Amino acid sequence: MQAFLRDATEFLPILLEGVRLTILVTIGSLILSTLLGLVWAIMRVSSIKIVSRTSAGIINVIRGIPIIVQLFYIYFVMPDLGVSLTALQAAIIGLGIAYSAYQAENFRAGIEAIDKGQIEAAQSIGMGWWMTMRRVVLPQAVRLVLPPYGNTMIMMLKDSSQASTITVAELALQGKLIASSTFKNTSVFTLVAILYLVMSIPLILFVRHFEKKAGRP
Amino acid sequence: MIELKDIRKSYGSFEVLKGITASVEKGEVVCIIGPSGSGKSTILRCINGLESYNSGEILVEGQRVDRDAPSIVSIRTQVSMVFQRFNLFPHRTVLENVIEGPVFVKKEPRKEAIERARMLLAQVGLAEKADAHPPQLSGGQQQRVAIARALAMQPKAILFDEPTSALDPELVGEVLGVMRKLADDGMTMVVVTHEMGFAKEVADRVLFIDGGVIVEQGPAKDVLNDPKHARTQDFLRRVLHPL
Ligand SMILES: Nc1ncnc2c1ncn2[C@@H]1O[C@H](COP(=O)(O)OP(=O)(O)OP(=O)(O)O)[C@@H](O)[C@H]1O
Ligand SMILES: [Mg+2]
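Cut-offs applied
- Residues numbered from 1 in each chain as written.
- Chains lettered and ligands numbered in written order.
- Predicted model: local features only at pLDDT ≥ 70, side-chain atom pairs only at ≥ 80, totals over all residues.
- Heavy atoms only, no water.
- Helix = DSSP H or I, 4+ residues; strand = E, 2+ residues; numbered from the N terminus.
- Rg over C-alpha atoms; globule rule 2.2 N^0.38 Å.
- Buried < 20%, exposed > 50% of the residue type's maximum accessible area, 1.4 Å probe, protein only.
- Contact = heavy atoms within 4.5 Å.
- Buried area = accessible area lost by both parts, 1.4 Å probe.
- Salt bridge = Lys/Arg side-chain N within 4 Å of Asp/Glu carboxyl O.
- Polar contact = N/O pair within 3.5 Å; in protein donor to acceptor, adjacent residues only side chain to side chain.
- Nonpolar A, V, L, I, M, F, W, Y, C, P; charged D, E, K, R; others polar.
- Expected span 1.5 Å × (residues − 1).
- Core = buried A, V, L, I, M, F, W, Y, C linked by side-chain atoms within 4.5 Å.
- 1 Å grid on protein atoms, 1.4 Å probe; cavity = no way out; pocket = protein on both sides within 12 Å on 5 of 7 lines; lining within 4 Å.
- Points joined across faces, edges and corners; volume = space filled by probe spheres on them.
- Near = heavy atom within 4 Å.
- Areas by Shrake-Rupley, 256 points an atom, 1.4 Å probe, with all protein chains shown as cover.

A.B. asks: Help me understand the overall build of chain B in this model?
C.D. replies: The helix and strand inventory of chain B stands at 9 helices and 10 strands. Whereas a compact globule of 243 residues would reach a radius of gyration of roughly 18 Å, chain B reaches 18 Å, a difference of no more than 12%. Oriented by its inertia axes, the alpha-carbon framework of chain B measures out at about 55 × 45 × 30 Å. The buried share of chain B, taken over its 243 residues, is 56%.

A.B. asks: What is the right way to look at the interface of chain B and chain A in this model?
C.D. replies: In many reports, interface size means the accessible area that the parts give up when they come together. Between chain B and chain A, the contact holds 22 residues from the first and 16 residues from the second. With both sides pooled, the region where chain B packs onto chain A buries about 1,700 Å², and carbon together with sulfur makes up 60% of that total. Counting the contacts that link chain B with chain A gives 2 salt bridges. Of the charged contacts in the structure, one is a salt bridge between Glu120 of chain A and Arg45 of chain B, with a shortest N-O distance of 2.7 Å. Inspection of the chain B/chain A interface yields 6 residue pairs in polar contact (both at pLDDT 80 or more). Within the residue set of the side of chain B that touches chain A, elements represented by two or more residues are α2 (72–78), β6 (79–82) and α3 (94–105) of chain B. Ranked by the residues each element gives to the side of chain B that touches chain A, the list is headed by α3 of chain B, at 4 residues. Its residues placed into classes, the side of chain B that touches chain A shows 11 nonpolar, 5 polar and 6 charged.

A.B. asks: Honestly, helix α7 (residues 171–182) of chain A in this entry has me stumped. Any pointers?
C.D. replies: An α-helix turns once every 3.6 residues. As a result, residues three or four positions apart point the same way. Residue and element names in this part refer to chain A. With 12 residues, α7 should reach 16 Å at 1.5 Å per residue; the first-to-last C-alpha distance of 16 Å fits that figure. Of the residues making up α7, those classed as buried are Leu171, Leu173, Gln174, Gly175, Ile178 and Ala179. Capping of α7 at its N-terminal end is provided by Glu170; its side-chain oxygen lies 3.1 Å from the backbone amide nitrogen of Ala172. Phe183 sits one or two residues past α7 and shows a positive phi near 60 degrees.

A.B. asks: Explain the environment of Leu224 of chain B to me, please; I cannot follow it from the model alone.
C.D. replies: Take Leu224 of chain B: it is sitting in helix α8 (residues 220–225). In contact with Leu224 of chain B, not counting residues within four places along its chain, are Ile33, Met196, Ala199, Lys200, Val206 and Leu236 of chain B.

A.B. asks: Could you clarify how one ought to interpret the nonpolar core in this entry?
C.D. replies: A general trend in soluble globular proteins is that nonpolar side chains are found buried together. All names here are of chain B. Core analysis: the largest hydrophobic core is formed by 54 residues, its most contacted members being Leu121, Ile147, Phe160, Met179, Met189 and Val206. Here this core gets 8 residues from one element, more than from any other, and that element is helix α6 (residues 169–184). Look past the residues within four positions of Phe160 in its chain and what remains in contact with it is Leu44, Val82, Ile147, Met179, Leu182, Met189, Val190, Val191 and Val192.

A.B. asks: Teacher, can you tell me more about the layout of surface pockets here?
C.D. replies: Where empty space is left can be seen by rolling a probe of water-molecule size over the atoms. All names here are of chain A. As a volume, the largest pocket reaches approximately 710 Å³. Around the largest pocket, the lining comprises 19 residues; the ones closest to its centre are Val45, Ser47, Lys116, Ile119 and Trp129. At the level of elements, α4 (87–112), α5 (116–124) and α6 (129–159) are the ones that each hand at least two residues to the lining of the largest pocket. Here the second largest pocket is characterised by a volume of approximately 210 Å³. Lining the second largest pocket are Thr34, Leu38, Phe107, Ile111, Leu138, Ala141, Val142, Val145, Leu146 and Tyr149.

A.B. asks: I'm lost on the site of ligand 1 in this one. Help?
C.D. replies: Residue and element names in this part refer to chain B. In the vicinity of ligand 1, the contacting residues are Tyr11, Phe14, Val16, Pro35, Ser36, Gly37, Ser38, Gly39, Lys40, Ser41, Thr42 and Glu162. Here an oxygen atom of ligand 1 and a backbone polar atom of Ser38 are 3.2 Å apart. Between ligand 1 and Ser41 there is a distance of 2.6 Å, counted from an oxygen atom to a side-chain nitrogen or oxygen. For ligand 1, whose unbound accessible area comes to 640 Å², protein coverage reaches 60%. Among the elements of the structure, β2 (14–24) and α1 (40–47) are those that each provide at least two residues to the shell around ligand 1. Among the elements that line the shell around ligand 1, the one with the most residues is α1, at 3 residues.

This is the structure in structure tokens:
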């Protein structure tokens, strides 16, 4: 135990540098995936066929390719096309795009769960499309969407470790680097695991809070 | 005040309305009866601009109903709709449901809207339910809230689409009672219904629709007691004596 604490004080500063990048990648790709996901979802529920089919196609392509391959594509192939990105930028964009498909499906399910009759009732008292969305659809959809959204956040936090495959020295990669140079595998990876856990606890509480809230009328 | 001129409407290759011409005068109560799938709901939905129509013309107070024109908002604030399944907003209280249109669409001061909403809720017998949420109410109560929500827009006419069909039999009376009071107060109403007793007593005129055309129309007593057309006779016989 004492040895572990000594290792901890020694390695934590370096690992916290990894934590910083992990949080950066997670928040960056969370924002991007949320915005893209909303765009795909709104396109998907459109009554214009080409728009909804395009969105369905995009979602399927994104879902059908492993995240790691998407990351390689953006980091290694884009420069050949004249767009070079830093590893961090490529990680945020890659994970953001990869997760936008799951976000979109979640948002779409939330929007479609709202009874069509309510939308007609809103229209029949003179509400336009946007006011109907804002006053009737979204307030109810948000409640349905938040618990799965929280779960997606937890998965994104963990999947941010895939950024290590394109050289982003986030928490998992920092751990691996320290471990391979010091051979203190147990201390290092225990610390890494604890740090991930500490970061997911607020998210787990977030999910629980909104699951309880969604259960109420 | 509502005029339909030779309205035709198709879903794909299926023609639902095959030339409907009719009018509703101010203060009149018109009941629309007819078998399931004959196009009754579609007529109401076209008047309110929830559906488009392929040809013909619908006028509300001389203004053409066009679902895709900006003028549809003003038409919808003049002609309210009450639905079979109530369609209240479950995330808002009864009072909020009633003031939603006046405050957010018509931009009335909130205080006035609330005052009128309370009066309307009292009028439909639900003053004490103002702060409840719709799912806590019975079907009959929900439908009365929906009527109060329609009235809160201060419409010139109200369209009812089978307002009692989703209710348990013992709750039908309380909703019909409210509607009868409205009719007595001179509200212009178009009511799709299977309640022949209500039609007989309250309607000024009855339209019998079958297969997308008006088969027979006239004063309620004539159409219901002494139908001229064989299809009307047959339909009424089946509705009044289901066994
Ligand atoms: N969105 C739609 N797409 C395709 N067909 C539809 C649609 N809405 C209605 N229809 C068809 O149009 C016809 C008329 O429908 P409508 O709802 O007007 O009938 P109705 O007279 O109100 O019947 P009910 O008494 O069952 O309510 C029906 O055959 C129905 O299946
Ligand atoms: Mg109908």
